[in-house]
Amino acid sequence: MSKPFASSADTAPKTEKLEIVAPGVYAFTAEGDPNVGAIEGKDFIVCIEARATPAAAREWLEQLRQHTDKPVRHLVLTHYHAVRVLGASAFNADEIISSDVTKLLIEERGKEDWDSEFGRMPRLFKQPKEIPGLTMPTRTFKAEHFIDLGDDFGMLELRFCGRGHTAGDIVVWHDKSKTLFAGDLVEAQAALYTGDAFHMDWASGTLDRVKAFGAENLIGGRGAVAKGSTAVDAAIEQTREFLNGMIKNVGEAHRSGGTLRQAFEATHAALAPKFGHWPIFEHCLPFNVQRLWDEFDGIDWPRIWTMERDREVWAQLQD
């Protein structure tokens, strides 16, 4: 029997949880759905990620408003994927910040990604007709950008740590509370999506630079907040282990003249015992293996996912 396409059959609501990670530092998690967060400044808020639609974003903001009524001055997007950015209009932020490369990716493939992710994860797209269009950053940077939070609220450092989950991922570091919002560069007991990734870069130098912050709190793209340096390091290293497991098994199949299907089956068999029960594992793996196979074929810049290509790869590997 064919498996339901991606997360199309995942219709059950998730339990959402707002946590005060440190004074003025908020994380909003939902059992493996995409995480969002916020950090207070003296007289404003910096929000991190936007959710998939304005309606979904408003649900998060309603929770946040129980703790602070400061206006949202900055909305930070760690990368370009639709479930992270299309709710931006709900924030009424003075500026929307991303890396230069994220803006390029939105311009290059934002519409295709929107259509693709809506097909893969329809439950996340609450009231999709409210989406006003693609979210375009109003401020971008190449390597780093700083936001002074005012008084004794500290400083935020937005940094590009290297190619990883996408070509343009950034992290948000709050040194005062030793808190790192890592976007999808790190997941805490949630499967990785690597369909637009640079696996070898991510598993080596990029994660090394993420780890070098020495965070004591880490909010990844999905999963629970990692609290304490031991838990933070564990989240980073399980992310690396997932990537290295893929690199090993897909690489062996590719070098031996095997097929994409054989690479997928070997990777699934190797990763499923440890990672198979994690959120979106079955959803992600076909797209992950296809992208990594492309890398071994010498295709550096990820091919664009469309609804049609999604279905083709799924039918080839998961049916």
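Along every chain, residues carry numbers that run from 1 in the direction the sequence is written. Under the rules for a predicted model, residues below a pLDDT of 70 receive no local features and side-chain atom pairs below 80 are neither given nor counted, while totals for whole chains, interfaces and linings still include all residues. Think of the side-chain values as coming from all heavy atoms in the structure, minus any hydrogens and water.

A. Summary view of the nonpolar core. If you look at the biggest cluster of nonpolar residues, it comprises 49 residues, and the most contacted ones within it are Val171, Leu180, Val186, Val210, Leu218 and Phe242. Residue assignment for this core shows that the elements contributing at least two residues are β10 (170–174), β11 (179–183), α4 (199–211), α5 (229–255), α6 (260–275), α7 (281–296) and α8 (307–317). Examining the composition of this core, we find that nine residues originate from one element, α5, more than from any other. In what follows, residue pairs with any heavy atoms lying within 4.5 Å of each other are defined as contacts. In this view, Leu180 contacts Val171, Val172, Trp173, Val210, Phe213, Ala215, Asn217, Leu218 and Ile219; residues no more than four positions away in its chain are not counted. Each nonpolar core is a collection of buried residues, namely Ala, Val, Leu, Ile, Met, Phe, Trp, Tyr and Cys, held together in the definition by side-chain atoms within 4.5 Å. Under the scheme applied here, a residue whose accessible area is under 20% of the maximum for its type counts as buried, over 50% as exposed, and between as partly exposed, the area being computed with a 1.4 Å probe on protein chains only. Residues Tyr26, Ile45, Leu75 and Ala82 belong to the second largest nonpolar core, which totals 28 residues. Note on conventions: DSSP H or I runs of at least 4 residues are helices, E runs of at least 2 residues are strands, and numbering of each starts at the N terminus.

B. Representation of the pairing of strand β1 (residues 17–22) within the structure. Pairing of β1 with strand β2 (residues 25–30) involves five bridges; the strand directions are antiparallel. Note on β2: the bridge partner recorded for Lys17 is Thr29. Two successive antiparallel strands, β1 and β2, enclose a turn made up of two residues, where Gly24 displays a positive phi of approximately 75°. Pairing between two strands is assigned when DSSP locates at least 2 bridges connecting them.

C. Region of the structure containing the sheet that holds strand β3 (residues 33–40). In space, the seven strands of this open sheet follow the order β1-β2-β3-β4-β5-β6-β7, with mixed pairing throughout. Each of the sheet's edge strands pairs with one partner strand only, and the pair in question is β1 and β7 (139–141). Across the sheet, the mean angle separating the axes of adjacent strands is 20° when strand polarity is ignored. To obtain an axis, a line is fitted to C-alpha atoms, over the contacting stretch when the element is a helix, and the angle between two such axes runs from 0 to 180 degrees between their N-to-C directions. Along the sheet, helix α3 (residues 100–120) makes contact with β6 (95–99) and β7, crossing β6 at roughly 100°.

D. Quick peek at the pattern of salt bridges. Definition used for salt bridges: Asp or Glu carboxyl oxygen within 4 Å of a side-chain nitrogen of Lys or Arg. This structure, assessed with the given rule, holds 31 salt bridges. One salt bridge connects Lys3 with Glu282, and the closest N-O pair in it is separated by 3.0 Å. Remark: Glu282 occurs in helix α7 and Lys3 occurs in the segment before β1; sequence separation between them is 279 residues. The class for Lys3 is partly exposed, based on a relative accessible area of 35%. Across the pair Arg240 and Asp208 runs a salt bridge whose closest N-O atoms are separated by 3.0 Å.

E. Main features of α3. Given a residue, its bend is the angle between the two axes fitted to the seven residues that end at it and to the seven that start from it. Maximum bend of α3: about 70°, positioned at Arg109. Those residues of α3 not exposed but buried are Thr102, Leu105, Ile106, Arg109, Gly110, Asp113, Trp114, Ser116, Glu117 and Arg120. Check the buried side of α3 and you find it contacts α2 (82–85), β6, α7 and α8.

F. Region of interest: the packing of aromatic side chains. The criterion for an aromatic pair is that two Phe, Tyr or Trp rings (for Trp, the six-membered ring) have centres within 6.5 Å, with stacked assigned to planes under 30 degrees apart, edge-to-face to planes over 60 apart and tilted to the rest. Overall, the coordinates contain 11 aromatic pairs when judged by the stated rule. Three or more aromatic residues link up through ring pairs in this structure, and these residues are Phe5, Phe287, Trp305 and Trp314. Think of it as a cone above the ring: NZ of Lys or CZ of Arg counts as a charge over the ring if it is within 6 Å of the ring centre and within 35 degrees of the ring normal. Taking NZ or CZ as reference, Lys111 lies 5.6 Å from the ring centre of Trp114, over its face.

G. Up close: the side chain of Glu187. With respect to the helices and strands, Glu187 occurs in the loop between β11 and α4. Side-chain atoms alone can form a polar contact between residues adjacent in sequence; in general such a contact is a pair of N or O atoms within 3.5 Å, and within protein one must be able to donate a hydrogen while the other accepts it. A distance of 3.3 Å separates the side chain of Glu187 from the backbone nitrogen of Gly221, its partner in a polar contact. Polar side-chain contacts of Glu187 include one of 2.6 Å to the backbone nitrogen of Arg222. When neighbours within four sequence positions are excluded, Glu187 is seen to be in contact with Leu192, Gly220, Gly221, Arg222, Ala235, Gln238 and Thr239.

H. Fine view of the pairing of strand β12 (residues 217–220). Residues Asn217 and Ile219 line one face of β12 and the alternating positions Leu218 and Gly220 line the opposite face, and both faces are buried. In this view, the connection linking β11 to its parallel neighbour β12 by way of α4 has right-handed handedness. Bridging between β12 and strand β13 (residues 226–227) involves two bridges; their strand directions are antiparallel. Looking at the pairing, Leu218 lines up with Ala226 of β13. The hairpin turn running from β12 into β13, its antiparallel successor, is five residues long, and Gly223 in that turn takes a positive phi close to 95°. Note on handedness: a clockwise path from strand one over the helix to strand two, with the strands aimed away from the viewer, defines a right-handed crossover.

I. Highlighting unusual backbone geometry. One non-glycine residue, Asp151, lies in the positive phi region at around 45°. Position of Asp151 among the secondary structure elements: in the loop between β8 (144–148) and β9 (155–160). Note on Asp151: relative accessible area 61%, which makes it exposed. One non-glycine residue, Ile280, lies in positive phi territory at about 60°.

J. Looking closely at the environment of Lys70. Its location among the elements puts Lys70 in the loop between α1 (54–64) and β5 (72–76). Along the primary structure Lys70 and Ala82 are separated by 12 residues, whereas in three dimensions their C-alpha atoms are 26 Å apart. Once residues lying within four places of it in the same chain are set aside, the contact partners of Lys70 are Glu40, Gly41, Lys42, Asp43, Phe44, Ile45, Arg65 and Phe153. A polar side-chain atom of Lys70 sits 2.8 Å from a polar atom in the side chain of Glu40.

K. Molecular detail of α6. The largest bend along α6 measures about 30° and falls at Ala269, with the proline Pro273 one to four residues further on. Where α6 is buried, its residues touch α5, α7 and α8.

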